[in-house]
Amino acid sequence: MNKLASRQVHLDFHTSEFISGVGAKFDATQFQDALRAGHVNSITIFAKCHHSWSYYPTKAGRMHPTLDFDLTGAMMNAAHEIGVKAPVYLTVGWSAGDAADLPECVARQQDGRIQMIGGEPDASPSDKRPIVSWKFMCPSGNYADLIYAQTREVCERYPELDGLFYDICFQPLGCWCANCLAGMEEQGLNPAVEQDARSYHTLKWMRFTSTCTAILREFHPDASIFFNGGAELNHKEWHGVHTHIEMEDLPTTWGGYDKMPVRAKYFAALGRQYLGMTGKFHTMWGEFGGFKSPEALRYEIASMMMYGARCSIGDQMHPSGLMDMETYRTIGEAYRYAEQIEEWCFEVEETATLGVVLSNQSEADEGLTKMLLECQLDFDIADPEQGLDRFETLILPDSVALSEESALQIQSYVDRGGSLLLTGASGLNPGKTHFQIDVGAAYQGPSLYENDYVLAGEQLKAGIVSSPFLFYEGAEQVSVKDAEVLATIHEPYFNRTYGHYCSHQNTPYRLEPADYPAAIRKGNIIYVAHPICTMYFRHGAKYHRDYLMNALNLVYRKPVMKVNLPSCGRARFVYQPSRKRYILHLTYAAPIQRGRTSVIEDMPPIYDVAVELTVKSRVQRATLILQGESIPFVQSGDTVKLTIPKVHGHQMVILDVQDIQFEA
């Protein structure tokens, strides 16, 4: 399989039939000039858009009515002439013209209503249309056959095809159109049972992705293929259907800047090629004339690459076929920087000894990793089935139910000296009746209260108020057997109802503590009874983060790196075996929420950043990569201390090492 290109553009082109002269001003030289200005080495070009128009002569579908030449082919040829790859885009889930032509293939809810995002299926043609409003198509029946025919057509037409990108896949999560109802009956599944409908959903999409892949392989054995929507961590069933992973984040509009690191680490552990995707837009896809500043885009690119991700920036071509040169000037500033740092970003190994066992609940997983990132605590994904001994500490966020086998593996890890931090319902059996790990307490059940309060004990109170502080969800109730209590719970007087309420929001706490704890410790195991990771994702209270980090510090005693950056700073420390060097990445920027967009404008330099690193070899020199300057350091055993003079957006330090290995 070809190596994934590192500096990509994803070029949208969803163009109405009411616009004349589509593609009329396309010029191969101008297209190439844009790609050169943008330092682009791959551009995903369009063959079929959400309006259902094709941009090449087609027999299977319908060519855009105001286009009179093969625009897809012209773009591909122009890109290939200058050594730029050009995988081809085909829409699947949203296709307005096909929805009108094939109403039997429009996705339906269980009650028969049309499934649609952002709009009303029965709206009048003169009604104002919301942004991002499309009916969902079901890849079954005649519509699936149409996509297969268009796939074959593209594969046959373009002998130098680099790959295929299918958009809006695996949504919605269930469909009850006539095709699906018949398919479920054929499979012996009951459409009235949600689990049966979900099972058929998986079967249908697996059939679709395997058929498209088979068609591609018939003509292009080495081409790439990706089905967009298949990179979510809580849907592992789709991870194997692609040649690579594209993590569509658009961090300024949804997901934020902390969604990608955990996904990058997950796919890196699987040995997959992956890229991060952002946009040149101020807001999101489909925005004509919106621009992100070059500095913000450069920061986003650095943020992807420090986690080993190749990069893709979203753009949308003007209907005329002209490339916007200001867009590619902006992209070029970011990708010129990407070219400079690529050597130090890929083919690296994790050094982290803090492991996160994913819950497959995105809010819990992202809430935890956001806290760790804000505290510059590097981590890696831990899987009990893959071995745990390289980790000093494991964290199980909020809802990691343990099978008997996983519990035995984790308990054995603890018995060998490993430590454990569990939150919420983690550590329980799948039926949530008892703990599978000996935490020093017995499980009693979920909270009776919608929220409660915590009074931190001596070991957890650093940086915390000395009063009971609010937790927005109630704690799991446990009875202590042989554990040390680290924090107590104060219950509210009552839950808030129309019959019993107090003040504007939540009921105040009782002065006396409850008879069940908020946090306990038994040896190397700490249990925090609240779903605090989910809570942090939803509410972002600093006290909640500090409380959990205080608990973590009791069992995670020697982090691989300690970095003195503010909470907006990010740090990653990796090893590059081919060059026998460690690489430290530091970033700093402060996103500001303005309207519906998170904006990066202020990137003040941070000076004299103190760093302490754990390195298993003798360090020969420490060098600021971009400046080419050596900086002093002190090494004592496996501990290296140094001060980074300046971090402005992104800074990298390499530690060249000898082969001498210290004992762990």
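Structure's up top.
Worth saying up front: this structure is predicted, and the values here are computed from it rather than measured.

Draft legend 1. Representation of the overall build of the protein in the model. Within the protein, the secondary structure is distributed over 13 helices and 35 strands. For 664 residues, the compact-globule estimate of 2.2 N^0.38 gives 26 Å, and the C-alpha radius of gyration of the protein, at 27 Å, lies within 12% of that figure. When its C-alpha atoms are laid out on the principal axes, the protein stretches across 75 × 65 × 45 Å. Within the span of the protein, comprising 664 residues, buried residues form 58% of the whole. Counting contacts in the protein only where the partners sit at least 6 residues apart, residues at least 24 apart contribute 74% of the total. A total of about 27000 Å² of accessible surface is found on the protein, and carbon and sulfur atoms cover 50% of it. Mean positive and mean negative side-chain charge positions of the protein (58 and 80 charges, respectively) differ by 3 Å.

Draft legend 2. A look at the sheet that holds strand S19 (residues 452–456). Pairing in this open sheet of nine strands is mixed, and the strands run S15-S14-S16-S17-S24-S23-S22-S19-S20 from one edge to the other. Lying at the two open borders of the sheet, with one neighbouring strand each, are strand S15 (380–381) and strand S20 (469–471). With four bridges connecting them, strand S23 (residues 517–522) and strand S24 (residues 525–528) associate as antiparallel partners. Counterpart to Arg-521 in the pairing with S24 is Ile-526.

Draft legend 3. Focus on the nonpolar core. In this structure, Phe-31, Ile-43 and Tyr-547 are the most contacted members of the largest nonpolar core, which totals 192 residues. Not counting the four nearest positions on each side in its chain, Tyr-547 is found in contact with Val-454, Ala-456, Leu-460, Ile-464, Phe-469, Phe-471, Ala-487, Ala-518, Ala-519, Val-528 and Ile-532. In this structure, Ala-107, Trp-134, Ile-168 and Trp-176 belong to the second largest nonpolar core, which totals 13 residues.

Draft legend 4. A look at the environment of Leu-448. With respect to the helices, strands and loops of the structure, Leu-448 is situated in the loop between strand S18 (441–445) and S19. With 46 residues separating them in the primary sequence, Leu-448 and Phe-494 have C-alpha atoms 9.4 Å apart.

Draft legend 5. Layout of the pattern of salt bridges. Per the stated rule, a full pass over the model turns up 36 salt bridges. Between Asp-98 and Lys-48 there is a salt bridge whose closest N-O contact spans 2.6 Å. Of this pair, Asp-98 sits in helix H3 (residues 96–101) while Lys-48 sits in strand S2 (residues 42–48), and the two are 50 residues apart along the sequence. We classify Lys-48 as buried; its relative accessible area is 1%. Note that Lys-370 is salt-bridged to Asp-258, the shortest N-O span being 3.2 Å. On the criterion of sequence distance, the pair formed by Lys-370 in helix H10 (residues 362–374) and Asp-258 in the loop between strand S10 (245–248) and helix H7 (260–269) is long-range, its members being 112 residues apart. Exposure remark for Asp-258: the relative accessible area of 7% places this residue in the buried category. Look at the salt bridges and you will find they share partners, linking Lys-265, Glu-350, Asp-378 and Arg-572 into a network.

Draft legend 6. Representation of the side chain of His-244. With respect to the helices, strands and loops of the structure, His-244 is situated in the loop between strand S9 (224–227) and S10. What makes His-244 buried here is its relative accessible area of 4%. At 3.0 Å, the side chain of His-244 forms a polar contact with the side chain of Thr-243. A polar contact is formed between the side chain of His-244 and the side chain of Glu-246, at a distance of 2.8 Å. Apart from residues lying up to four places away in sequence, His-244 is in contact with Leu-4, Ser-224, Ile-225, Phe-226, Arg-272 and Gln-273.

Draft legend 7. Inspection of the pairing of strand S26 (residues 569–576) at higher detail. Burial within S26 is extensive, with eight of its eight residues counted as buried. In S26, alternate side chains face the same way, and those of Gly-569, Ala-571, Phe-573 and Tyr-575 on one face and Arg-570, Arg-572, Val-574 and Gln-576 on the other are all buried. Relative to strand S27 (residues 581–588), S26 is paired through eight bridges, and the arrangement is antiparallel. Considered in S27, the bridge of Arg-572 is made with His-585. Joining the antiparallel neighbours S26 and S27 is a turn of four residues, in which Lys-580 adopts a positive phi near 50°.

Draft legend 8. Inspection of helix H13 (residues 542–555) at higher detail. Counted at 1.5 Å a residue, the expected span for H13 with its 14 residues is 20 Å, and the 21 Å between its end C-alpha atoms agrees. With 11 of 14 residues buried, H13 lies mostly within the body of the structure. The complete set of buried residues in H13 reads His-544, Arg-545, Asp-546, Tyr-547, Leu-548, Met-549, Asn-550, Ala-551, Leu-552, Leu-554 and Val-555.

Draft legend 9. Molecular detail of the packing of aromatic side chains. Across all of its chains, the model carries 28 aromatic pairs by this definition. Considering the side-chain rings of Tyr-266 and Phe-267, the 5.1 Å spacing of their centres and the 85° angle between planes classify their relative orientation as edge-to-face. For the residue pair Tyr-266 and Phe-267, the accessibility class agrees, reading buried in each case. Here the aromatic cluster, defined as three or more aromatic residues joined through ring pairs, consists of Tyr-148, Tyr-166, Phe-170, Trp-205, Phe-208, Phe-227 and Trp-238. Over the ring of Phe-291 we find Lys-280, and its NZ or CZ is 3.9 Å from the ring centre.

Draft legend 10. Expanded view of the layout of surface pockets. In this structure, the largest pocket occupies an estimated 1400 Å³ of space. Taken together, 50 residues form the lining of the largest pocket, with Trp-94, Val-132, Ile-168, Met-284 and Trp-285 sitting closest to its centre. Looking at the lining of the largest pocket, the elements with two or more residues in it are strand S1 (7–12), strand S8 (163–167), S10 and H10. Across the lining of the largest pocket, the residue classes break down as 22 nonpolar, 17 polar and 11 charged. Its volume calculated, the second largest pocket comes out at about 900 Å³. The wall of the second largest pocket is formed by 41 residues, among which Lys-265, Tyr-266, Ala-269, Leu-270 and Ile-381 lie closest to the centre. For the lining of the second largest pocket, the elements supplying multiple residues, two or more each, are H7, strand S13 (349–350), S15 and helix H11 (404–415).

Draft legend 11. Representation of the sheet that holds strand S30 (residues 606–614) within the structure. Spatial ordering of the open sheet is given by S25-S30-S34-S33, a layout of four strands whose pairing is antiparallel. The open sheet terminates on both sides in strands that have one partner only, identified here as strand S25 (561–563) and strand S33 (633–636). For this sheet the average axis-to-axis angle between neighbouring strands, irrespective of direction, equals 20°. Relative to strand S34 (residues 639–647), S30 runs antiparallel, the two being bridged by eight bridges. When the sheet's bridge partners are listed, Ile-606 is paired in S34 with Val-647.

Draft legend 12. Just empty space enclosed by the protein, in detail. Applying the stated rule across the entire model yields four cavities of 30 Å³ or more. Lining of the largest cavity is provided by 22 residues; of these, Leu-4, Lys-85, Asp-162, Ser-224 and His-244 occupy positions nearest its centre. Within the residue set of the lining of the largest cavity, elements represented by two or more residues are S2 and S8. Among the elements that line the lining of the largest cavity, the one with the most residues is S8, at three residues. Across the lining of the largest cavity, the residue classes tally to eight nonpolar, nine polar and five charged.

Draft legend 13. Main features of unusual backbone geometry. Here the bond from Gln-171 into Pro-172 is cis, since omega is -15°, no more than 30 degrees from zero. Along the chain, Pro-172 falls in the loop between S8 and helix H5 (178–186). Positive phi, normally seen in glycine, also occurs at Leu-250, with a value near 40°. With respect to the secondary-structure elements, Leu-250 resides in the loop between S10 and H7. Judged by relative accessible area, Leu-250 falls into the buried class, the value being 3%. Not every positive phi belongs to a glycine, and Glu-347 is a case in point at roughly 55°. Along the polypeptide, Glu-347 turns up in the loop between helix H9 (325–341) and S13.

Definitions and cut-offs
Residues numbered from 1 in each chain as written. Predicted model: local features only at pLDDT ≥ 70, side-chain atom pairs only at ≥ 80, totals over all residues. Heavy atoms only, no water. Helix = DSSP H or I, 4+ residues; strand = E, 2+ residues; numbered from the N terminus. Rg over C-alpha atoms; globule rule 2.2 N^0.38 Å. Buried < 20%, exposed > 50% of the residue type's maximum accessible area, 1.4 Å probe, protein only. Contact = heavy atoms within 4.5 Å. Areas by Shrake-Rupley, 256 points an atom, 1.4 Å probe, with all protein chains shown as cover. Lys, Arg positive; Asp, Glu negative; His and termini not counted. Charge placed at Lys NZ, Arg CZ, Asp CG, Glu CD. Pairing = 2+ DSSP bridges. Core = buried A, V, L, I, M, F, W, Y, C linked by side-chain atoms within 4.5 Å. Salt bridge = Lys/Arg side-chain N within 4 Å of Asp/Glu carboxyl O. Polar contact = N/O pair within 3.5 Å; in protein donor to acceptor, adjacent residues only side chain to side chain. Expected span 1.5 Å × (residues − 1). Phe/Tyr/Trp six-rings, centres within 6.5 Å; stacked < 30°, edge-to-face > 60°. Lys NZ or Arg CZ within 6 Å of the ring centre and 35° of its normal. 1 Å grid on protein atoms, 1.4 Å probe; cavity = no way out; pocket = protein on both sides within 12 Å on 5 of 7 lines; lining within 4 Å. Points joined across faces, edges and corners; volume = space filled by probe spheres on them. Nonpolar A, V, L, I, M, F, W, Y, C, P; charged D, E, K, R; others polar. Axes fitted to C-alpha atoms, helices over the stretch in contact; angles between N-to-C directions.

By themselves, these figures tell us nothing about what the structure is for.
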